[in-house]
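# Architecture at a glance
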Amino acid sequence: MTKIKSICVFCGASNGVNPQHRENAIAFGRMMAERGVALVYGGGRIGLMGAVADAVMAHGGKVIGIIPQHLDDIEVGHTGLSELIVCKSMYERKVEMFRRSDAFVTLAGGMGSLDEAFEALTLRQLGIHDKPLVFFNDLGYWDKCLEMIDGIIEEGFARPSNRNLFTVADTLEEVFEQLAAEPAPKFDPREKLL
Ligand code: AMP
């Protein structure tokens, strides 16, 4: 068991079609603040990203946003955060997000969210960090992605044990429960590449 003090949230820079995804992002932000868990995220003000950050701030929580200079305009760098770090590149953003958080949670999102979640998973697969990742699967949003991972394992392109790199939660309460049940990381990632 480990105490999670900060969560890096991956989610859409869009709101998506179903308004429930935005409601979930807002609820998750509130729950993080209530539990004293800091949010680390991509620093934008739009879509679900903005919604989760606004909710954490509105409930007295802490938010660290990390945004590359060139995206500061497009994703509208959030100016109302506890801290906004403007970095040089997408790669630097990822490394900073990964370094500064104890765990990852993927809410509904697009290709950027997928990229970030899979980078977190592949780095855990390679033993570069040992931080848990939860897919929040409300409305079965990630079902097709999870099926694809199962197919990859069936086809022998990933080990069955790789299914333990992440968990899947159907409710926001479960997200916190699953993170609390995780064993402490086996090593400090600063010893590795991050
Ligand atoms: P999306 O899920 O596509 O709405 O994007 C969510 C976040 O992921 C946004 O902050 C994007 O800037 C970010 N993102 C998009 N593409 C990438 C990428 N290749 N690497 C890292 N982050 C990305």
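Provided above is the structure to which this section pertains.
Everything in this summary refers to the structure shown in the same document.

## Concerning the packing of aromatic side chains
Per the stated rule, a full pass over the model turns up 7 aromatic pairs. The structure contains a cluster of three or more aromatic residues connected by ring pairs, namely Phe135, Tyr141, Trp142 and Phe166. Above the ring of phenylalanine 176, the side-chain terminus of arginine 35 is found at 4.3 Å from the ring centroid.

## A closer look at the side chain of arginine 124
By secondary structure assignment, the location of arginine 124 is in helix α5 (residues 111-125). Of the polar contacts made by the side chain of arginine 124, one reaches the side chain of aspartate 130; its length is 3.2 Å. Aside from chain neighbours lying at most four places away, what touches arginine 124 is His129, Asp130, Lys131, Pro132, Leu133, Asn164, Leu165 and Glu182.

## Regarding the site of the ligand
The environment of the ligand is made up of 16 residues, and the closest members are Ala13, Glu75, Gly110, Gly112 and Ser113. Arginine 93 has a polar side-chain atom sitting 3.0 Å from an oxygen atom of the ligand. At 2.8 Å, a backbone N or O of glycine 110 approaches an oxygen atom of the ligand. In isolation the ligand has 490 Å² of accessible area, and contact with the protein removes 77% of it. Those elements that provide at least two residues to the shell around the ligand are α4 (90-99) and α5. Considering every element that reaches the shell around the ligand, the biggest residue donor is α5, with 5 residues. When grouped by side-chain class, the residues that make up the shell around the ligand number 6 nonpolar, 5 polar and 5 charged.

The rules behind each value
- Residues numbered from 1 in each chain as written.
- Predicted model: local features only at pLDDT ≥ 70, side-chain atom pairs only at ≥ 80, totals over all residues.
- Heavy atoms only, no water.
- Phe/Tyr/Trp six-rings, centres within 6.5 Å; stacked < 30°, edge-to-face > 60°.
- Lys NZ or Arg CZ within 6 Å of the ring centre and 35° of its normal.
- Helix = DSSP H or I, 4+ residues; strand = E, 2+ residues; numbered from the N terminus.
- Polar contact = N/O pair within 3.5 Å; in protein donor to acceptor, adjacent residues only side chain to side chain.
- Contact = heavy atoms within 4.5 Å.
- Near = heavy atom within 4 Å.
- Areas by Shrake-Rupley, 256 points an atom, 1.4 Å probe, with all protein chains shown as cover.
- Nonpolar A, V, L, I, M, F, W, Y, C, P; charged D, E, K, R; others polar.

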